[in-house]
Amino acid sequence: MSKENCRIWIVDDNKEFLRDLEFALRLEGWEVSPYDDPIKFLEELNFDCPGCIILDVRMPILSGDEVQEHLLSKNCPLPVIFLTGHGDMNLAIHTFRHGAFDFIQKPFDPDYLFAAIEKALKIGKQKGQRKNLRSSLTVKNKCSLIFPKGCHQDLLLII
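In what follows, the accompanying structure is described. (Residues numbered from 1 in each chain as written. Predicted model: local features only at pLDDT ≥ 70, side-chain atom pairs only at ≥ 80, totals over all residues. Heavy atoms only, no water.)

All right, on to the side chain of Thr84 then. Relative to the assigned elements, Thr84 resides in strand 4 (residues 80–84). Look past the residues within four positions of Thr84 in its chain and what remains in contact with it is Asp56, Val57, Phe103, Ile104, Gln105 and Lys106. (Helix = DSSP H or I, 4+ residues; strand = E, 2+ residues; numbered from the N terminus. Contact = heavy atoms within 4.5 Å.)

What follows is the structure, encoded as structure tokens:
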């Protein structure tokens, strides 16, 4: 996926870490939107822009998993990668069960994070394409895919 068409949102209350990660991602060619306030992030996030969300786990206003729950309640299609210096197995399992793409412990290898972002974007793009295809199919088209020619007309009469 082209980096010019994507945005990476970073949400972390550690302003120094946030600045450093933003700098590293920009050097890699990414468009970056950094937030040290998860509430402001949730208010400003645009689901229509393809990209990826990087969340810190422990933040004072809202935790990363609480932010993830808000994203799920809004049907956010963007993949979420957690970065944390305070992770444990139970927390990692919790985030994965709620759809996290990856869970990375700080300190981390930047190349690993960059690869995780690329992979998350690729999978996110594929999911988006499947969703668009499903939403573009009419009931008649869906029936045509499932039933032999002509049979779907009887089914439509029943419906």
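Cis peptide bonds are those with omega within 30 degrees of zero, and the linkage from Lys106 to Pro107 qualifies with -10°. Locating Pro107 in the fold gives a position in the loop between strand 5 (102–105) and helix 5 (110–136).

One open sheet accounts for 5 strands, arranged 2-1-3-4-5; its pairing is parallel. Where the open sheet ends on each side, the last strands, each with one partner, are strand 2 (31–35) and strand 5. The mean angle between the axes of side-by-side strands here comes to 20°, regardless of whether they run parallel or antiparallel. With 5 bridges joining them, strand 1 (residues 7–11) and strand 3 (residues 51–56) adopt parallel strand pairing. Its bridge partner being in strand 3, Val11 is matched across the sheet by Leu55. Contacts from helix 1 (residues 15–27) reach strand 1, strand 2, strand 3 and strand 4, with the element oriented near 175° to strand 2. (Pairing = 2+ DSSP bridges. Axes fitted to C-alpha atoms, helices over the stretch in contact; angles between N-to-C directions.)

Distances and angles like these do not, on their own, reveal function.
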